[in-house]
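# Report on the structure
Listed here are the chains, written in short residue letters.
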Amino acid sequence: MIVLLFLIPLAQLLGLIALGAFMWSLKRGQFDDLDGAAHRVLMDDDIEGEHER
Amino acid sequence: MAPFDYDSLVTHSEDGARRFEAAVEGMTCAACIGEIEAGLRDLPGLDHARVNYTNRRLALEWRDDAFDLASAFERLRLMGYTVRPFELAESEREEIETSRFLLRCLAIAGFAAMNIMLLSVGVWVGGDIDPSTRDLFHGVSALIALPAAAFAGKPFFKSAFTALRAGRLNMDVPISLGVLLALAMSVYETLTHAEHAYFDSATMLLAFLLLGRFLDHAMRRKTRAVAANLAALRAPLACRLSSDGAETVVPLVKIAPGDIVRVRPGERLPVDGVVATGASQLDESLVTGETKRRAVACGDQVYAGSMNYDGALTIRVEAANGATLLDDIERLLEKATNARSRYMRLADRVSRLYAPMVHLAALSTALFWLWRGASLHDALITAICVLIITCPCALALAVPAVQVVASGALFRAGVLLNSTDAIERLAEADTIVFDKTGTLTSPEPRVVNASGIDAGVIDLAARLARASRHPLARAVAQERPRAEPLEAREAHGQGVCAMVEGVEARLGSPAFCGLEDEAARLGALEDDLSLVAFRHGERRALFQIRQVLRSDAVETIAALQARGFVIEILSGDRIEAVEKIARALGLSAWSGGLKPAHKVARLEALRAEGRRVLMIGDGLNDAPALAAAYVSISPIDATQITQAAADAVFLGERLAPIVLTLDLARKARARMRENLALSVIYNLFAVPLAMAGWLTPLIAAAAMSGSSILVTLNALRAGASPLHLSPALRERAQLVALADSSGQKTRMEAAR
């Protein structure tokens, strides 16, 4: 059962990293405009000359 | 147009960055995000332009002095967007903070619940788990649960504490008690190496409740944001005249008593005050309900919200001195609002019954087991189990879940809710009182004889009308919304003229076009008729303009009557005008010539008869009545004070949203009751188990999540409506509502 002593902290650590990432993105305002984010991912504004149309 | 004074709305942060927010009108699809941001990207000095598509807002950030805000706005205007500067209201800022806080709590509770569940499943499944491993799992669970609950439970603990201190019981009291006792008992059990710990139930409960609360909050915030945008779009700007004669446009909040404000023909008065120079006719229907125009001259008292018809005015702004009409309205409003806050929500009524009942059940369980000879420890544990299982998770979700779904459905239909308990009160209404002017009739006057006039004449007249700002000309222009404006010369107070095909075309007063005789004949027949004359060589026409019923008023009234509502009209307008409308709608209960206080008195009388009145009105004079009624709705093109007093506002020209709102509210209320019944049934099964001492953590977890999910699923049915509007239709409804009658170019045209 020694393995539990490694696995439990490891599981918690992974969970904490995810929680930290969520808190960070919340603080950065990434949840402020969910509708916009859904559309922005489809935009081609990173392709040169595309918005010159 | 005078330059706008933007500086008053720019916020400066400590590191020298400047920020400006604006509501953007005309953003109809996701492509607009890219269009706006790319369009502004190359402006000198601008660091950041970011569109928030959810709120339809634009935030600009810059440090460099080279950046000129006015040029950014000019560029957006050329692209076809209307931009209105925007100051985030304190209340909205707080809402955003609360929303983030709830999301943070939810994340932590969710994290804790999942990780503890991971450990708990091990304990449940491994029946032959050795006691030291079980203690380790419980210990780790405690380490996660205690700090998580201390943080994520804050919203509940705080509210419960406030309620207890005020000597009341609300739903948060049994929630907090259940969570705290579950944690305390589990810690004690862990320390004494016992078999059962309830860390998973406590954290999962918090996660479920927080999810419900967050969604409820997010929906409300979204509605508020839209309402705030609309307020900014049709909003309080004023043209201030400084002592050297220069004009600047400033937000209304920056206007102080003693300032001089200029109002052009066709604009609404932004302030109360005394006419300093100029003379004009004012349409005060929004203020008093009276549709006949009042002539004002130097020295007359005028009120905000009146429409200026003929001449430019300058107005000296007055501080409220306690004697004006507006002050009366404020006073009535305050009184009425106080009277209504006594309403008790369904959920509160239930929790008032529920909380003492569960506490009593827990106490009697403990006493029963003691009497049966159980040890104090066992009796207490069983009592605490009763408190844990009765912790009203499903009950606390029962109402908010329906609320979220129903207000979402209303939002899509163009109805925005102002107050949280509006749905419940709307569902209880049995009598509807309408205001006339601006509510049953459309807010702007319309041409009523268009079918009798040659189409070519209307085309030309509409093009001429576009050149004028006169409100009657706008009614003519509305007949051809896509007409190209003509280069026309405006003859002050008379009309506009332009050369068309070598012949002069005129649009204006009958005298201006030489049509006095015909006009006199028509005017003698009806006195609420306004006339606009048109002449182009031999072609001539008289446009008859008046307040007309909204396009679906008759159908809406019929639909409401079919649903058993008692309908009445209370108006501030002249008795003859009200009678005509009432007859057209087939209503027998109506009264006219009422002052705001009379309307409130009539509503009080109806209340005394035991009626629950839904008041629908838009004018400034309706604001006290809206606040005094059991529940109220206001069209969104009304004044701000009215919007603030109403429980709900609706977009668009049509009255149909009222029927839809009432239907949805009744449906939502039925769902709420079903949900409450479901959670009571859940308790009927679970509580005896707990009282008998058979409760295990596994049963607690399954029963709680099961009932919560059941209640949430049932709530979803509240939104499934045959009247459901598609997003495209909603966009159109909003566009129609917002379309400025003075001829706004579409973006397609501007892009060319």
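All of these numbers come straight from a predicted model, not from anything done at the bench.

### Quick notes on the overall build of chain A
Counting its secondary structure elements, chain A contains two helices and zero strands. Relative to its 53 residues, chain A shows a buried fraction of 0%.

### Comments concerning the sheet that holds strand β26 (residues 631-635) of chain B
Residue and element names in this part refer to chain B. The mixed open sheet is built from seven strands, whose spatial order is β15-β27-β26-β25-β16-β23-β24. At either end of the open sheet lies a strand with only one pairing partner, and these are β15 (415-417) and β24 (590-591). Bridge count for strand β16 (residues 431-434) against strand β23 (residues 566-570) is four bridges, and the pairing is parallel. Note on β23: the bridge partner recorded for Thr431 is Val566. Here helix α23 (residues 656-691) sits on the sheet in contact with β15, β25 (613-616), β26 and β27 (648-650), set at roughly 140 degrees to β27.

### Structural notes on the domain arrangement of chain B
Domain boundaries assigned for chain B yield domain 1 (1-87) and domain 2 (446-546). A C-alpha centroid distance of 39 Å is found between domain 1 of chain B and domain 2 of chain B.

### Some words on the environment of Asn55(B)
All names here are of chain B. Along the chain, the position of Asn55 falls in the loop between β3 (46-52) and β4 (57-62). The class for Asn55 is buried, based on 24 C-beta atoms found within 10 Å. A C-alpha to C-alpha distance of 9.9 Å links Asn55 and Arg221, two positions 166 residues apart in sequence. Excluding anything up to four places from it in sequence, Asn55 contacts Ala225 and Asn229.

### So, α23(B)
Residues and elements named next belong to chain B. End to end, α23 covers 52 Å across 36 residues, agreeing with the expected 52 Å (1.5 Å per residue, within 8%). Of all the bends in α23, the greatest reaches close to 25 degrees and is centred on Leu684; the proline Pro688 follows between one and four positions later. Downstream of α23 by one or two residues, Gly693 has phi in the positive range, about 85 degrees.

### A look at the nonpolar core
All names here are of chain B. Counting 151 residues, the largest nonpolar core has Ala109, Leu614 and Ala629 as its most contacted members. Excluding anything up to four places from it in sequence, Ala109 contacts Ala148, Ala152, Thr203, Leu206, Ala207 and Leu210. Ala461, Leu472, Ala475 and Cys513 belong to the second largest nonpolar core, which has 26 residues in total.

### What to know about the interface of chain A and chain B
Counting from both sides, the interface comprises 20 residues of chain A and, opposite them, 17 residues of chain B. Of all the secondary structure elements, the ones that give two or more residues to the side of chain A that touches chain B are α1 (2-27) and α2 (34-40) of chain A. If one sorts the elements of the side of chain A that touches chain B by residue count, α1(A) sits on top with eight residues. For the side of chain A that touches chain B, the per-class residue count stands at 10 nonpolar, five polar and five charged.

### Points about the packing of α23(B) against helix α24 (residues 697-716) of chain B
Residue and element names in this part refer to chain B. The contact between α23 and α24 brings their axes to 9 Å, and the two run at 165 degrees. One element, α23, and the other, α24, form an angle in the roughly antiparallel class. Once α23 is placed against α24, the crossing between them reads as right-handed. Residues Arg671, Glu674, Asn675, Leu678, Ser679, Tyr682, Ala686 and Leu689 of α23 form the contact with α24, whose participating residues are Ile699, Ala703, Ser707, Leu710, Val711, Asn714 and Ala715. Of the residues in the contact of α23 with α24, the class split is nine nonpolar, four polar and two charged.

### Considerations on the environment of Ser509(B)
With respect to the helices and strands, Ser509(B) occurs in the loop between β20 (503-508) and α17 (516-525). Beyond its immediate sequence surroundings of up to four residues, Ser509(B) is in contact with Gln494(B), Gly495(B) and Ala533(B).

### Some thoughts on the packing of helix α5 (residues 154-165) of chain B against helix α6 (residues 172-191) of chain B
All names here are of chain B. Interhelical geometry of α5 versus α6 gives an angle of 125 degrees and a closest axis separation of 8 Å. By the angle between their directions, the pair α5 and α6 is classed as oblique. Note on packing geometry: the crossing formed by α5 with α6 is left-handed. Of the residues in α6, those in contact with Phe156, Phe157, Ser159, Ala160, Ala163 and Leu164 of α5 are Asp172, Val173, Ile175 and Ser176. Partitioning the contact of α5 with α6 into residue classes produces seven nonpolar, two polar and one charged.

### Considerations on the pairing of strand β2 (residues 18-25) of chain B
Residues and elements named next belong to chain B. Here two bridges tie strand β1 (residues 11-12) to β2, and the two strands are oriented antiparallel to one another. In the sheet register, Thr11 faces β2, and the bridge partner there is Arg19. Counted along the chain from β1 to the antiparallel partner β2, the turn is five residues long, and its residue Gly16 has a positive phi close to 90 degrees. Looking at chain direction, β2 and β4 are connected through six bridges and run antiparallel. Across the sheet, Arg18 pairs through a bridge with Trp62, a residue of β4. As defined by bridge partners, β2 adjoins strand β5 (residues 82-85) across four bridges and the pair is classed as antiparallel. Within the sheet, the bridge partner assigned to Ala23 lies in β5 and is Arg84.

### Description of the sheet that holds strand β9 (residues 273-277) of chain B
Residues and elements named next belong to chain B. Ordered in space as β7-β6-β8-β14-β9-β12, the six strands form an open sheet in which the pairing is antiparallel. In this open sheet, the two edge strands, each paired with only one partner strand, are β7 (247-251) and β12 (301-302). Of the strand pairs in this sheet, strand β6 (residues 237-241) and β7 are connected by five bridges, and their pairing is antiparallel. Its bridge partner lying in β7, Leu241 is registered against Glu247.

### Here's the deal with the pairing of strand β14 (residues 313-317) of chain B
Residue and element names in this part refer to chain B. Burial along β14 is one-sided: the face carrying Leu313, Ile315 and Val317 is buried and the face carrying Thr314 and Arg316 is not. Across four bridges, strand β8 (residues 260-263) lies against β14 in antiparallel orientation. Among the inter-strand pairings, Arg262 is bridged to a residue of β14, identified as Thr314. In this structure, β9 lies alongside β14, joined through four bridges in antiparallel fashion.

The rules we used
Residues numbered from 1 in each chain as written. Chains lettered and ligands numbered in written order. Predicted model: local features only at pLDDT ≥ 70, side-chain atom pairs only at ≥ 80, totals over all residues. Helix = DSSP H or I, 4+ residues; strand = E, 2+ residues; numbered from the N terminus. Buried ≥ 20, exposed ≤ 12 C-beta atoms within 10 Å, placed from the backbone. Pairing = 2+ DSSP bridges. Contact = placed C-beta atoms within 7 Å. Axes fitted to C-alpha atoms, helices over the stretch in contact; angles between N-to-C directions. Domains from an automatic or database assignment. Expected span 1.5 Å × (residues − 1). Bend = angle between axes of the 7 residues up to and from the residue. Core = buried A, V, L, I, M, F, W, Y, C linked by C-beta atoms within 7 Å. Nonpolar A, V, L, I, M, F, W, Y, C, P; charged D, E, K, R; others polar. Parallel < 35°, antiparallel > 145°, perpendicular 65-115°, else oblique. Left-handed = near helix turned anticlockwise from the far one by under 90°.

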